[in-house]
Amino acid sequence: MSAQAGMRETNVMIEPPALNATNVLQVHGLNLYLDAKGRRLHVVRSVDIDLAASEVLGLIGESGSGKTMTGLSLLRLEPERAQITAETMRLDDTDLLAASQGALRGLRGSRIAMIFQDPVGAFNPAKRIGWHAREVLRRRATRAGPWRPVARELLAEVDIADADRVLGSYPHQLSGGMLQRVLIALVLAAEPQVIIADEPTTNLDNIVEQQILRLFRKVKRTHGAAFIFITHDMSVAAALSDRIAVMYAGEIVEVGPTEAVFETPKHPYTVGLIRTSRALQDGAARLPEIAGELPGLSGQRTGCAFAPRCPERMPQCTTRTVGMARPAPGVQARCLLYADA
Amino acid sequence: MNLLLYFGAKVLGALAMLVVGAGVVFLLMHAVPGDAAMAALGDAASPDAVASFRAEHHLNDPLAQQFWDWARAALTGDLGKSISLAGGFSTSALIAGSLPNTLFVGGFALVIAIAISLVAGSIAASRHGRMEDVLATSGAIVTISMPDFWLGYMLVLVFSLGLGWFPAYGFVRPSESLAGAFHSGFLPALAIAVPMAGIFSRMLRTTLLETFRRAYVVSAHAMGFGRSFIFWHYVFRNALIPYVTAIGLQARYLLGGVVVIERVFGVPGVGSVMVDAAFARDYGVVQGCAVVFLVIVIATNLLVDALCGLLDPRRAA
Ligand SMILES: Nc1ncnc2c1ncn2[C@@H]1O[C@H](COP(=O)(O)OP(=O)(O)O)[C@@H](O)[C@H]1O
Ligand SMILES: [Mg+2]
């Protein structure tokens, strides 16, 4: 077993955080509560994320499972009416829970950055791309010199040839794929340690999606950043990630090395997701969809969130608290099938 | 190029609107009951006198002919003569003498209303749900529900009769003394401005709050921009577009306010001329004044369109 694989294994174990110095991001027991029309929703539930330097973690799960809220929490950009609790939430040596607003603003875009699903919506519609580049580079660029040459250089790195035309355009004049490239370039300008990409290709058509994914693979090689790559598309996650975390109804239900999760998925939900994704790739006429829908997010939950939809349901699944089990080396699954007792 | 096309289309639209609007004004004036000749000459006038008056003022011609003659003359700046004022003042001269006063008071009111609303609306939105917001929002509701003539009398009561700071009645023309115009025009302008400021503030607050929730604002935070930078360059800048549009829509209410307030404060403006002429059944003058108001509203809309075109790069696309 290689040294790196060995390290990955230790990542997923719950250890006293202070001892694990190699992780750029350490999150333990992250909860996010939202007040929605008088109801308190528990949207992110005891999520653990450990991210090693330069690692790519694929965070997958169906729409509404809490991926975006998890990502926003990591930048402390949770909605105004949200409360966050966590045992540990550290970016390198910074406590993200205790940091002041000023300190957080200093981190955002420079040490931890986020790329959003809708590239058009990520830009100020009243300003040209050049304005965005100038404002970002003035504050964040690690490279010296006036902003325009640096911007051209960065745009070249994301395969934009006609940088000056792009810089002179308004956001509405460019395609989604082009804007996503620009956003990636601007994010890379600061050489952040952690980049959260929230479904960055979901709104793009297929060919452009492939181009952007290729770009992410190149960026992964050439820059040292660690990624959390959020997606609901299994094949996208598989193409990029070192490890996969599967989210369901606010919880991480399975996490492990990409090959392990894809070849031998443990959690019945993961099994279902992968079957659906394979069928999609094979162009099946009928999808073996997972029956049922996401459970509500309000209030306490007894037993497994997936139990109502689970083909392997056992009587104890709805009564017992379900913790993380370790069904294989480096793999954790929140499922009683693998519980020791 | 796109911007030119956009403005060209807007100007053409405005001209079409002017023609239709002038036609409507003309027809309305002629649908009003009451005979202009009787009004001008008095009820005791002899039938002969009435007949010669009607002939002299072309009142027997077909309506379309009258409109055509009137419109053609209007294009050269000739809006006819007053039939009620002794000496037969030309309508153009009456308007030329009164329009600067109206524009001054109306413009002054607009500036005050915009200034108040920019401050109140921004504070309310950035302190959403807190004390400042509640104060600004309830203040806006109170001012919106104040009738402007009532507000005018209250202002006179307090600031001129009580404190003696401003004159209670009368207006110094800006051509005579600019300082005097500002001094004597302040209370009338304020009376028009306060209810408008309430409307504008609420409008700005709503659009600011909507803009705060936009994805690009979250994205700006993720880029690490500072709070005030994001407020001015992202939130305020983009909220400005619907705000300016909303101000343009209020232009005609502004004119309504001007007409009333000119009477209250004795400002010799177009509104005063128009009301006097209406009581005297001096159709030509009323018609001329109505067209002037129409031009002002259309010009304001054109100005607002131009501003929006400059503010919103998507508009001209
Ligand atoms: N502004 C909001 N108000 C109320 N509920 C919200 C809001 N945003 C998200 N949610 C809820 O939080 C849950 C998680 O949302 P999200 O993180 O966006 O999911 P995902 O990114 O996985 O699709 C969803 O079930 C959604 O209903
Ligand atoms: Mg999402």
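Since we're looking at a predicted model, the values are computed, not measured. (Residues numbered from 1 in each chain as written. Chains lettered and ligands numbered in written order. Predicted model: local features only at pLDDT ≥ 70, side-chain atom pairs only at ≥ 80, totals over all residues. Heavy atoms only, no water.)

1. Let's talk about the side chain of Ser73(A)
Among the structural elements, Ser73(A) can be located in helix H2 (residues 67-74). What Ser73(A) contacts, discounting residues up to four positions off in sequence, is Leu30(A), Leu32(A), Glu78(A), Ile84(A) and Met89(A). (Helix = DSSP H or I, 4+ residues; strand = E, 2+ residues; numbered from the N terminus. Contact = heavy atoms within 4.5 Å.)

2. Observations concerning the site of ligand 1
All names here are of chain A. Lining the immediate surroundings of ligand 1 are 13 residues, of which Gly64, Gly66, Lys67, Thr68 and Met69 lie closest. In the model, an oxygen atom of ligand 1 is placed 3.0 Å from a nitrogen or oxygen of the Gly66 main chain. Coverage of ligand 1 by the protein amounts to 68% of the 560 Å² it exposes when considered alone. Where the shell around ligand 1 is concerned, the elements lending two or more residues are strand E1 (23-36), strand E2 (39-52) and H2. Take the shell around ligand 1: its biggest share by element is three residues, from H2. Residues belonging to the shell around ligand 1 are distributed by class as follows: six nonpolar, five polar and two charged. (Near = heavy atom within 4 Å. Polar contact = N/O pair within 3.5 Å; in protein donor to acceptor, adjacent residues only side chain to side chain. Areas by Shrake-Rupley, 256 points an atom, 1.4 Å probe, with all protein chains shown as cover. Nonpolar A, V, L, I, M, F, W, Y, C, P; charged D, E, K, R; others polar.)

3. Things to note about helix H11 (residues 251-265) of chain B
An α-helical segment advances 3.6 residues per turn. Residues three or four places apart therefore align on the same side. Residue and element names in this part refer to chain B. Between its first and last C-alpha, H11 extends 21 Å over 15 residues, near the 21 Å set by a 1.5 Å rise per residue. Among all positions of H11, only Ala251, Leu254, Leu255, Gly257, Val258, Ile261, Glu262, Val264 and Phe265 are buried. At its buried positions, H11 is contacted by helix H5 (91-126), helix H7 (148-162), helix H8 (178-212), helix H10 (227-249), helix H12 (270-279) and helix H13 (283-311). In the segment just after H11, Gly266 is the residue with positive phi, at about 65°. (Expected span 1.5 Å × (residues − 1). Buried < 20%, exposed > 50% of the residue type's maximum accessible area, 1.4 Å probe, protein only.)

4. Some details on the domain arrangement of chain A
Residue and element names in this part refer to chain A. Splitting chain A by domain gives domain 1 (23-111 + 194-211 + 222-301) and domain 2 (123-191). For domain 1 and domain 2, the distance between their C-alpha centres works out to 27 Å. Taken together, the contacts link 11 residues of domain 1 with 11 residues of domain 2. Approximately 830 Å² of surface area, both sides summed, lies buried where domain 1 meets domain 2, with 54% of it carried by carbon and sulfur atoms. Our count for the domain 1 to domain 2 interface comes out at zero salt bridges. At the boundary of domain 1 and domain 2, one finds four residue pairs in polar contact (both at pLDDT 80 or more). Mapped onto the side of domain 1 that touches domain 2, the elements with two or more residues apiece are helix H3 (101-107) and helix H8 (206-222). Of the residues in the side of domain 1 that touches domain 2, the class split is four nonpolar, five polar and two charged. (Domains from an automatic or database assignment. Buried area = accessible area lost by both parts, 1.4 Å probe. Salt bridge = Lys/Arg side-chain N within 4 Å of Asp/Glu carboxyl O.)

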